[in-house]
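# Observations on chain architecture
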Amino acid sequence: MTANAITLFRLFLTFIVIAIFKQHTYIDIACIVTILIIFILDSVDGIVARKHNQTSTFGAVFDIAADRIVENVFWIYFAFITDFIPLWMPIVVVTRGILTDGIRGIALTDGKTPFEMMTIPWTRALTSSRTSRALSGVSKILSFTFLPAVPVFEKMQLNADFLKIFSTTTLIIATIAVAINFIRGVPVLVDGWKYIKNSS
């Protein structure tokens with residue numbers, strides 16, 4: 001399976017999850033497991049691309065576009081079905097994504113892929129270092145497994161105190177994930193400013 005096919009499969013699984021979630025407790029649990037698979041595959045597609053020398057400009061852009069779709073769909077959907085995730089969270093994530101991807105699009109016209117455009121050491125480290133990417137990945141995995149777990153636990157009528165603690169913990173994790181998302185977007189704006197000036 002090619003890296004782009006894996007990326008496409010991740011998108012397919014994302015919309016399957018949204019289509020069947022909240023149908024039955026066991027299906028919901030399967031959806032949570034599927035979300036984990038979606039984010040594991042996000043690492044796999046990059047490994048496959050490098051191992052089989054399938055790296056390309058299209059692949060890099062497609063991978064980022066797929067990441068953006070997955071994140072935006074999940075943030076919007078789980079903010080909609082849960083009553084404790086504030087609307088500002090998906091708004092921040094979507095706005096940040098549109099801005100950074102717009103700048104990356106301008107850089108692409110200059111022949112620079114999303115990671116090649118990052119030339120300042122601290123901006124490159126903040127967007128593409130293993131530590132930065134790991135923190136971002138872990139925060140998203142925790143957010144998107146905890147968020148769907150809240151309505152599942154509510155449906156199972158678990159202990160009220162446990163539900164309150166779990167919901168609060170989920171809100172904290174989601175807030176951290178949005179903060180990391182925003183912080184990792186700032187370097188793109190800083191490093192991309194030269195492309196904005198050159199194109200205006």
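In this text, all values refer to a predicted model and were calculated from it rather than measured experimentally. Sequence positions are assigned chain by chain, starting from 1 and proceeding in written order. Local features in this predicted model are restricted to residues of pLDDT 70 or higher, and side-chain atom pairs are both shown and tallied only at a pLDDT of 80 or more, whereas totals for entire chains, interfaces and linings draw on every residue. Only hydrogens and water are set aside when side-chain values are computed; all heavy atoms of the structure are taken into account.

### Some points on the overall build of the protein
Along the backbone of the protein there are seven helices and zero strands. Secondary structure elements in the protein, listed N-terminal to C-terminal, are α-α-α-α-α-α-α. Relative to a compact globule of 200 residues, whose C-alpha radius of gyration would be 16 Å, the protein shows 18 Å and is just as compact. With 200 residues in all, the protein has 44% of them scored as buried. Within the protein, counting contacts between residues at least 6 apart in sequence, those at least 24 apart form 79% of the total. Every accessible area reported is derived by Shrake-Rupley at a probe size of 1.4 Å, with residue values counting cover from the shown protein chains alone. Carbon and sulfur atoms make up 70% of the accessible area of the protein, which amounts to about 10,800 Å² in all. In this tally, Lys and Arg are treated as positive and Asp and Glu as negative; His is ignored, and so are the chain termini. A single reference atom marks each charge: NZ on Lys, CZ on Arg, CG on Asp, CD on Glu. Averaged over its 17 positive side-chain charges, the protein has a centre that lies 6 Å from the centre of its 13 negative ones. Numbered from the N terminus, helices here are DSSP runs of H or I no shorter than four residues, and strands are runs of E no shorter than two. C-alpha atoms define the radius of gyration in this analysis, and the globule rule sets the expected value at 2.2 Å times the number of residues to the power 0.38. Summary of the burial criterion: residues with accessible area below 20% of their type's maximum are buried, those above 50% are exposed, and those between are partly exposed, where the area comes from a 1.4 Å probe applied to protein chains only. Here, two residues are considered to be in contact whenever any of their heavy atoms come within 4.5 Å of each other.

### Topic: the packing of aromatic side chains
Think of it this way: a Phe, Tyr or Trp ring, Trp meaning its six-membered ring, pairs with another when their centres are within 6.5 Å, and the plane angle makes it stacked under 30 degrees, edge-to-face over 60, tilted otherwise. All told, the structure shown has 13 aromatic pairs when counted by the stated rule. Here the aromatic rings of Phe21 and Phe78 are separated by 6.0 Å at their centres, their planes lie at 90°, and the arrangement is edge-to-face. Separated by 57 residues along the polypeptide, Phe21 in the loop between α1 (3–20) and α2 (25–51) and Phe78 in helix α3 (residues 57–81) bring together distant segments of the chain. Across this residue pair, the class does not change: Phe21 and Phe78 are buried. Considering the side-chain rings of Phe39 and Phe74, the 6.5 Å spacing of their centres and the 35° angle between planes classify their relative orientation as tilted. One end of the pair, Phe39, is in helix α2; the other, Phe74, is in helix α3, with 35 residues separating them in the sequence. Phe39 sits in the buried class, given a relative accessible area of 7%.

### Quick look at a nonpolar patch on the surface
The patches reported here contain residues having more than 30% relative accessible area and no salt bridge. Joining distances are 9 Å for like charges and 5 Å for nonpolar side chains (Val, Leu, Ile, Met, Phe, Trp, Tyr). Here, a salt bridge means any Lys or Arg side-chain nitrogen found within 4 Å of an Asp or Glu carboxyl oxygen. Residues Phe9, Phe12, Ile16, Ile20 and Ile27 make up a contiguous nonpolar surface patch of roughly 400 Å² in combined accessible area. If one sorts the elements of the nonpolar patch by residue count, α1 sits on top with four residues. Looking at the secondary structure, you find Phe9 in helix α1.

### Regarding the environment of Lys22
Locating Lys22 in the fold gives a position in the loop between α1 and α2. In this structure Lys22 comes out as partly exposed when scored by relative accessible area, which is 42%. Here the alpha-carbon distance between Lys22 and Ile76, two residues 54 residues apart in the chain, equals 15 Å. Those residues within four positions of Lys22 in sequence are excluded, and the remaining contacts are Asp28, Tyr77, Ile81 and Lys155.

### Topic: the side chain of Thr14
For Thr14, the position within the fold is in helix α1. On the accessibility criterion, Thr14 (1% relative accessible area) is buried.

### Describing the nonpolar core
Phe74, Trp75, Phe78 and Phe144 are the most contacted members of the largest nonpolar core, which has 35 residues in total. Put simply, the parts of the chain that give this core at least two residues each are α1, α2, α3, α4 (88–109), α6 (130–155) and α7 (160–199). Considering each element in turn, this core owes the most residues, nine residues, to α3. Phe78 has contacts with Phe21, Ile35, Phe144, Leu147 and Pro148, leaving out every residue within four places of it along the chain. As used in this record, nonpolar core signifies buried Ala, Val, Leu, Ile, Met, Phe, Trp, Tyr and Cys residues forming a set joined through side-chain atoms within 4.5 Å.

### Notes on the pattern of salt bridges
Under the counting rule described, the total for this entry stands at eight salt bridges. The salt bridge partner of Lys155 is Asp28, with a shortest N-O separation of 3.0 Å. Here Lys155, found in helix α6, pairs with Asp28, found in helix α2; they are 127 residues apart in sequence, far enough to count as distant. Residues Glu71 and Lys140 are paired through a salt bridge, measuring 2.7 Å at the closest nitrogen-oxygen approach. Residue Glu71 is located in helix α3, and its partner Lys140 is located in helix α6; the two are separated by 69 residues in the primary sequence. With relative accessibility at 4%, the residue Glu71 sits in the buried group. Assessed through its relative accessible area of 12%, Lys140 is described here as buried. Three or more residues are tied together by salt bridges with common partners; here these are Arg10, Asp42, Asp63 and Asp67.

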